[in-house]
Amino acid sequence: MINNKLSKNIARMGSVNFLNKKYQLKSNKKASINPTLETVIYTVLIVALAAITLFFIVRPSVGVTAHEQIFAKKIALEIDKTEPGMKIYMDIYDMYKIAKESKFKGKIVDINNDLNKVNVKLTKGDGYNFYYFSDVNVVWNIDTDKKELMLDIKNKKSDENVKEDKIEEVKNAA
Amino acid sequence: MLLKDKRAYRELTGMFIIGLAAVGLVIAIYMGTAIFFGVIVDVRMEEAQALNDRLFSVIVMNGELQEDVLKNDFNILERARLDKKIIGDKKDAQNFLFFQVDILSDGESVKKFIEGNRDYREMCGLSKEGEIKCVQEKLVLSDGYVVEILTASNQRGERV
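Trainee: Would you explain the pairing of strand β2 (residues 109–112) of chain A in this entry?
Mentor: The side chains of a regular strand alternate between the sheet's two faces. Residues and elements named next belong to chain A. Direction of pairing for β2 relative to strand β3 (residues 117–120): antiparallel, over a ladder of 4 bridges. Paired with Val109 across the two strands is Val120, which belongs to β3. Between β2 and β3, which pair antiparallel one after the other, the connecting turn spans 4 residues, and Asn116 there sits at a positive phi close to 55°.

The structure is reproduced here in structure tokens:
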């Protein structure tokens, strides 16, 4: 009895007890399970939180930025593959859809003939640039009803074309 | 003593959890950034091919060499409608394209056109995976000329 009491006190104090191994083991087990369980729970929670954060960071941004890139490259390559005098009509319904999803209401396509640069913007920011190598004048227009981009490829150095382009620009501006 | 051990254990566990959280957060931010900026739709091969096709259409007509190609005043950039800002030799030109056109007769080069980033010529030979994309084509014409065209692109586009 005295031995038991003594061993209990010694066990509570945390020292090694050779007299009652059973009680000491129980005591140590009780002390070690909870923190381990806590660690596991916290670890699981952190991993879940990291996964959720990653999912929400990655999912929308990858979609929009990848599409900006795809469309910019597609338009530039189409310009490079065509001859002056040809017109290209491109369905840009998906671009409108993505821009709408990301609540972007600005200009989604811009073609700079001086820099040979195609810029596509489907979300806030400056968008994605891709260059075409053709020395051509691209007259372009977006049909917002049909959700269609029209590219009219013209020779850069023809004065007649320059005049036509200016008339077209005035029309577009009006 | 045991109480002290428990506290020490919990403190250690707490530190471990904070450390784990920090590591998790860093990984999440790193991966998010990497995916955000790392998605690359590679069209360099298509661009090199488009350039190659354009050059062939200027050099060759109906299976024969164009009449004026061998003349000294033949301006390949102008004829192929290639913009000097993109592929020219000027310092302010974009430096991501290259082409070399070699016209051979009886095994000897009679005319050569080289424009763009000259470093790409050797890189194409070494064919370093991922660095640039090259397209090399050879055409034997009906008038006996052989046209070899090597084009390379390294345009990855830019997020602005």
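Trainee: So what exactly am I meant to see when it comes to the sheet that holds strand β1 (residues 87–91) of chain A here?
Mentor: One key point about sheets: their strands pair by backbone hydrogen bonds, in either a parallel or an antiparallel sense. Residue and element names in this part refer to chain A. The 3 strands are arranged β1-β6-β5 in an open sheet whose pairing can be described as antiparallel. The sheet is open, and its two edges are formed by β1 and β5 (136–143), each paired on a single side. Averaged over all neighbouring strand pairs, the angle between strand axes comes to 20°, with direction disregarded. Pairing geometry for β5 and strand β6 (residues 148–155), over 8 bridges, is antiparallel. Residue pairing in the sheet places Asp143 in a bridge with Glu148 of β6.

Trainee: So what exactly am I meant to see when it comes to the interface of chain A and chain B here?
Mentor: Reports of interface size often rely on the accessible area that becomes lost once the parts have come together. Taken together, the 39 residues of chain A in the interface contact 39 residues of chain B. Where the side of chain A that touches chain B is concerned, the elements lending two or more residues are α1 (2–13), α2 (21–81) and β4 (128–131) of chain A. No other element matches the 24 residues that α2 of chain A contributes to the side of chain A that touches chain B. Taken together, the residues that form the side of chain A that touches chain B break down as 20 nonpolar, 12 polar and 7 charged. By the bridge criterion, 2 bridges tie β4 of chain A to strand β7 (residues 158–159) of chain B in an arrangement that is antiparallel. For Asn129 of chain A, the partnering residue across the bridge sits in β7 of chain B and is Glu158 of chain B.

Trainee: Explain the pairing of β4 of chain A to me, please; I cannot follow it from the model alone.
Mentor: Residues and elements named next belong to chain A. Residues of β4 alternate between two faces, with Tyr128 and Phe130 on one and Asn129 and Tyr131 on the opposite face, all of them buried. Relative to β4, β3 is paired through 4 bridges, and the arrangement is antiparallel. The partner of Asn119 across the bridge, within β4, is Asn129.

Rules and cut-offs
- Residues numbered from 1 in each chain as written.
- Chains lettered and ligands numbered in written order.
- Predicted model: local features only at pLDDT ≥ 70, side-chain atom pairs only at ≥ 80, totals over all residues.
- Pairing = 2+ DSSP bridges.
- Helix = DSSP H or I, 4+ residues; strand = E, 2+ residues; numbered from the N terminus.
- Axes fitted to C-alpha atoms, helices over the stretch in contact; angles between N-to-C directions.
- Contact = placed C-beta atoms within 7 Å.
- Nonpolar A, V, L, I, M, F, W, Y, C, P; charged D, E, K, R; others polar.
- Buried ≥ 20, exposed ≤ 12 C-beta atoms within 10 Å, placed from the backbone.

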